[in-house]
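In case you want the letters, here they are:
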Amino acid sequence: MSPGVGGLIITIDGPAGSGKSSTAREVAQRLSFKHLDSGALYRALTYGLIEAGVAEEEWADLTVRELRGLGITLESTKTGFEVRLGGRLLVDELRSVEVTDRVSLLAGLPSVRECLIGLQREAGSGGFLIVDGRDMGTVVFPEAELKVYLIADLKERARRRLLENGREVFDDTDLAEEASALEERDDLDSGRAISPLKSPPGAVEIDTTNLSFEEQVSVIVELVNELTL
Ligand code: DC
């Protein structure tokens, strides 16, 4: 068990569009664990700054105290955590294009990482958590009992993202555009100096390119069951 934690912590990291959040949510449901989508916190801060009218050029100068002042909180529910801004529940706002286009920039700032690490660790304090993100196994929960690193071919990730966004019909140009947007975010996430996206030491790497959703969920559920046997 992780030190100071009353139960298992399972981390799932990987690049954009690798299916982390949907997989983590389903695995958590099947095992009656809680799920935390850590990306939602970075998205909430981005949304909060846009809403407060803080210009992007000023983001790098914000202090941890100023960022905390935006009032991002995690509220525990039966199945996971709700992300709130000044008490207001955020859901659809987090997925807007304005947020998606700016969140990688914000996530590379040291003050932002410092502001959010405590919230994530607190969410893990009761254990029985499946958490997904980019640095869950490397930085936030390095003592997790199971670390998973999900990868998939860029083109397949782009296809899944378009489907997720409700696009039923798309051609090679749409796919290429989505792939290039994903690649740009991957480069920002893995090239940054602080908490870059990378496979954690000791992680089980799973390439989901040719796996169905059900298969990738089952593989992880099996791995967790092996831990608890
Ligand atoms: O998983 P996502 O697309 O919701 O993540 C949004 C952004 O937040 C993404 O650019 C990477 C960043 N992020 C991060 O830096 N660390 C995390 N643990 C989770 C997300």
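For the structure itself, look to the data block above.
Report on the accompanying structure. Every value quoted in this text rests on a predicted model; they were computed, and no experiment measured them. (Residues numbered from 1 in each chain as written. Predicted model: local features only at pLDDT ≥ 70, side-chain atom pairs only at ≥ 80, totals over all residues. Heavy atoms only, no water.)

Details of the overall build of the chain
Then step 1. On a plain count of helices and strands, the chain comes out with nine helices and eight strands.
Then step 2. Whereas a compact globule of 229 residues would reach a radius of gyration of roughly 17 Å, the chain reaches 17 Å, a difference of no more than 12%.
Then step 3. Taken along its principal axes, the extent of the C-alpha atoms in the chain is 50 × 50 × 30 Å.
Then step 4. In the chain, of all internal contacts separated by at least 6 residues, the share reaching a separation of at least 24 is 77%.
Then step 5. Carbon and sulfur atoms form 51% of the exposed surface of the chain, whose accessible area is close to 11200 Å².
Then step 6. Put simply, the chain has 25 plus and 41 minus side-chain charges, and the middle of one group is 4 Å from the middle of the other. (Helix = DSSP H or I, 4+ residues; strand = E, 2+ residues; numbered from the N terminus. Rg over C-alpha atoms; globule rule 2.2 N^0.38 Å. Contact = heavy atoms within 4.5 Å. Areas by Shrake-Rupley, 256 points an atom, 1.4 Å probe, with all protein chains shown as cover. Lys, Arg positive; Asp, Glu negative; His and termini not counted. Charge placed at Lys NZ, Arg CZ, Asp CG, Glu CD.)

Description of the packing of helix α2 (residues 39-51) against helix α5 (residues 110-123)
Then step 1. α5 packs onto α2 with a crossing angle of 130° between their chain directions and a minimal axis gap of 11 Å. Taken together, the axes of α2 and α5 are oblique relative to one another. For the pair α2 and α5, the crossing hand works out as right-handed. On α5, the residues that touch Leu-41, Tyr-42 and Leu-45 of α2 are Val-112, Arg-113, Cys-115, Leu-116, Leu-119 and Gln-120.
Then step 2. Residue composition of the contact of α2 with α5, grouped by class: seven nonpolar, one polar and one charged. (Axes fitted to C-alpha atoms, helices over the stretch in contact; angles between N-to-C directions. Parallel < 35°, antiparallel > 145°, perpendicular 65-115°, else oblique. Left-handed = near helix turned anticlockwise from the far one by under 90°. Nonpolar A, V, L, I, M, F, W, Y, C, P; charged D, E, K, R; others polar.)

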